[in-house]
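Coordinate analysis (summary)
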Amino acid sequence: MDYKVADLSLADFGRREIRLAEHEMPGLMAVREEYSAAKPLRGAKIMGSLHMTIQTAVLIETLVELGADVRWVSCNIFSTQDHAAAAVVVGKDGAADDPKGVPVFAWKGETLEEYWWCTDQALQWPDGTGPNMILDDGGDATLLVHKGAEYEKAGAVPTAAEDDPEEWGIILDTLRRTIADKPGRWTETAAAIKGVTEETTTGVHRLYEMAKAGTLAFPAINVNDSVTKSKFDNKYGCRHSVIDGLNRATDVLIGGKVAVVCGYGDVGKGCADALKGQGARVIITEIDPICALQAAMDGFQVTTLEDVVDKADIFVTTTGNFNIITADHMARMKHQAIVSNIGHFDNEIDMAGLAKIDGIEKIEIKPQVHEWRFADGHSIIVLAEGRLMNLGCATGHPSFVMSNSFTNQVIAQIELFTKPDEYPVGVYVLPKHLDEKVARLHLDALGVKLTELTKEQAAYIGVHVEGPYKPDHYRY
Ligand code: NAI
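What this report covers is the structure whose coordinates are included nearby. Note that this is a predicted model, so its numbers are computed, not measured. Residue indices follow the written sequence of each chain, beginning from 1 at its first position. The model is predicted, so local features are restricted to residues of pLDDT at least 70 and side-chain atom pairs to those at 80 or more, both for listing and for counting; the totals for chains, interfaces and linings are taken over all residues. Hydrogen atoms and water are omitted, and side-chain values are computed over all heavy atoms in the structure.

**Examining the sheet that holds strand β13 (residues 369–373)**
Following DSSP output, two strands are said to pair if at least two bridges run between them. Secondary structure is summarised from DSSP: a helix means a run of H or I of at least four residues, a strand means a run of E of at least two, and numbering begins at the N terminus for each. Spatially, the eight strands line up as an open sheet ordered β9-β8-β7-β10-β11-β14-β13-β12, and their pairing is mixed. Pairing within the sheet leaves two strands with one partner each, and these edge strands are β9 (301–302) and β12 (361–366). As judged from the four bridges shared by strand β7 (residues 258–262) and strand β10 (residues 314–317), these two strands associate in the parallel manner. Considered in β10, the bridge of Val-260 is made with Phe-315. Contacts between helix α10 (residues 227–250) and the sheet are confined to β10, β11 (337–341), β12, β13 and β14 (379–383), with β14 contributing the most and set at about 125 degrees to the helix. Contacts are residue-level and defined by heavy atoms, with any inter-residue pair within 4.5 Å sufficient. With axes taken as lines fitted to C-alpha atoms, and helix axes fitted only over the stretch in contact, angles between N-to-C directions fall between 0 and 180 degrees.

Quick look at the structure:
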């Protein structure tokens, strides 16, 4: 088996945590029970690009139990939990000197070159073929396949879709190398892929852009916009893990501090709630009048970053947009202000601009925690080099919330793989009855008792007794 992880001797530790996580992931375990005999994913060759954590290990082993042949990478250079990666490679029945699990190419602290090498490795099976399904988080695997096929078709360098010239250069090098090794590889790979299921807001955004431009090569299910994903993982997941990231990185007392949350979407709402819960005085920045009004009605001060940049102690960007905190902002911050991002990509904070400031000095406090000292002697603390801090500095979302997200992922993989005729090239969300099913699978574990509609009540509000209970336009 080919794989590359940090240390297989960590597998036992990983396996013990996977065992605990399984109990906290009732949705995934229920899906295993429902489908393990039928094996609807038999024949599926799934390439996954999603943070290689303990929770993801439970997802991977669920896909395998349903019949899939899987290869995996992390979708971020800092988010891998090395014991999780080791346990997945070793597998339930293997040993460190005889791994029998799933090929994983991921370790904590990859370089960008290594990151794209890993992505390329997971997109190639040992027999030289590619995957027929992608499970993506942020869209990097989808991007590599699309840009590769575009490159081959045009016989020229595809235009940069990214804002980061350095990373774009690495992607292009990867494409040039792989095409030289096997001309036509990416066109073949794109043609063989039946579909992609995408985990996050930023990746979904990329998919809709490609669909609009007519360049999307295969159907996609937008898992992010299942209600049981974005209204749970993005919100309650970040409510948990933003504090975890801050604590593990700095252990600064949050109570009484002024914290600025940029963006009040699902992630922003979770982060603001958590910081408020710790006693921080939370300030929101927003561009959308609806979200700004929500923030105000939730009791937060809403203002511009310029207004508070020199007064706040903690900054968290949650926008999925770029250049939110500029180098100039950072230069004006208070001494030892903490700067962090929880959005998918690292371009929310202008790290390149920060590094270019005259006389600036970068001091590593510990991995993923850096003090940046300005020429005048004052400094700021940047978490995870501007990459998502909850996965870079802590362990991301806890199992229970990820069970909701990943149950959607598994159902979406089954949909695209087994019903190709129902999904012509385009971007879809799962039907509401499946969204409700995911929620239902998590109720017992929390001791939730649902009220059942009478037939008359159902008829009165125009739904079926067994659901769906809301029209598609309902917003929760
Ligand atoms: P969203 O679209 O619900 O929220 C983003 C908000 O930022 C919007 O309300 C938007 O109006 C606002 N915004 C955009 N530009 C802004 C600017 N210049 N200044 C202030 N506000 C601005 O998206 P969601 O679901 O909250 O996701 C945000 C990011 O977090 C995405 O990149 C997503 O992929 C990522 N994400 C990260 C997770 C993690 O564990 N770290 C989990 C889930 C999502």
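**Concerning the site of the ligand**
Residues in close proximity to the ligand total 25 residues, the closest being Thr-200, Thr-201, Thr-202, Glu-286 and Ile-342. Accessible surface area values rest on a Shrake-Rupley calculation with a 1.4 Å probe, where residue burial reflects the displayed protein chains alone. Protein burial of the ligand: of its 860 Å² of free accessible surface, 85% is covered by the chains. Contributing elements (two or more residues each) for the shell around the ligand: α9 (201–213), α10 and α11 (266–277). Here the shell around the ligand is built from residues that sort into six nonpolar, 15 polar and four charged. Throughout, near means a residue has at least one heavy atom within 4 Å of the molecule or strand. Ten residues, namely Ala, Val, Leu, Ile, Met, Phe, Trp, Tyr, Cys and Pro, are considered nonpolar, four, namely Asp, Glu, Lys and Arg, are considered charged, and the remaining ones, Gly among them, are considered polar.

**Considerations on helix α7 (residues 165–181)**
Between its first and last C-alpha, α7 extends 24 Å over 17 residues, near the 24 Å set by a 1.5 Å rise per residue. Buried residues are those whose accessible area, probed at 1.4 Å on protein chains only, stays under 20% of the maximum for their type, while exposed residues exceed 50% and partly exposed ones sit between those limits. Considered for burial, the residues of α7 that qualify are Glu-167, Trp-168, Ile-170, Ile-171, Leu-172, Thr-174, Leu-175, Thr-178 and Ile-179. Close packing links the buried residues of α7 with α5 (112–122), α6 (140–154) and α8 (185–192). For a helix, the expected span equals 1.5 Å multiplied by the number of residues minus one.

**Quick word on the sheet that holds strand β1 (residues 45–49)**
With respect to topology, seven strands assemble into an open sheet ordered β3-β2-β1-β4-β5-β6-β15, the strand pairing being parallel. Looking at which strands have only one partner, the edges of the open sheet turn out to be β3 (104–105) and β15 (427–428). The pairing of strand β5 (residues 195–198) with strand β6 (residues 220–222) spans three bridges and is classified as parallel. Counted as the bridge partner of Thr-197 is Ile-221 from β6. The sheet contacts of α5 involve β1, β2 (69–73) and β3, and relative to β2 the element is tilted by about 175 degrees. On the sheet, α9 packs against β5, β6 and β15 and is oriented at approximately 140 degrees with respect to β5.

**Description of the packing of aromatic side chains**
Put simply, two rings from Phe, Tyr or Trp (the six-membered ring, in Trp's case) pair if the centres are within 6.5 Å, and we call them stacked under 30 degrees between planes, edge-to-face over 60, tilted for the rest. This structure, assessed with the given rule, holds six aromatic pairs. Judged by centre distance (5.8 Å) and plane angle (65 degrees), the rings of Tyr-264 and Phe-300 are edge-to-face. With Tyr-264 in the loop between β7 and α11 and Phe-300 in the loop between α12 (289–297) and β9, this pair connects stretches of sequence that are 36 residues apart. Between the aromatic rings of Tyr-423 and Tyr-428, the centroid separation amounts to 5.0 Å while the plane-to-plane angle is 80 degrees, which identifies the pairing as edge-to-face.

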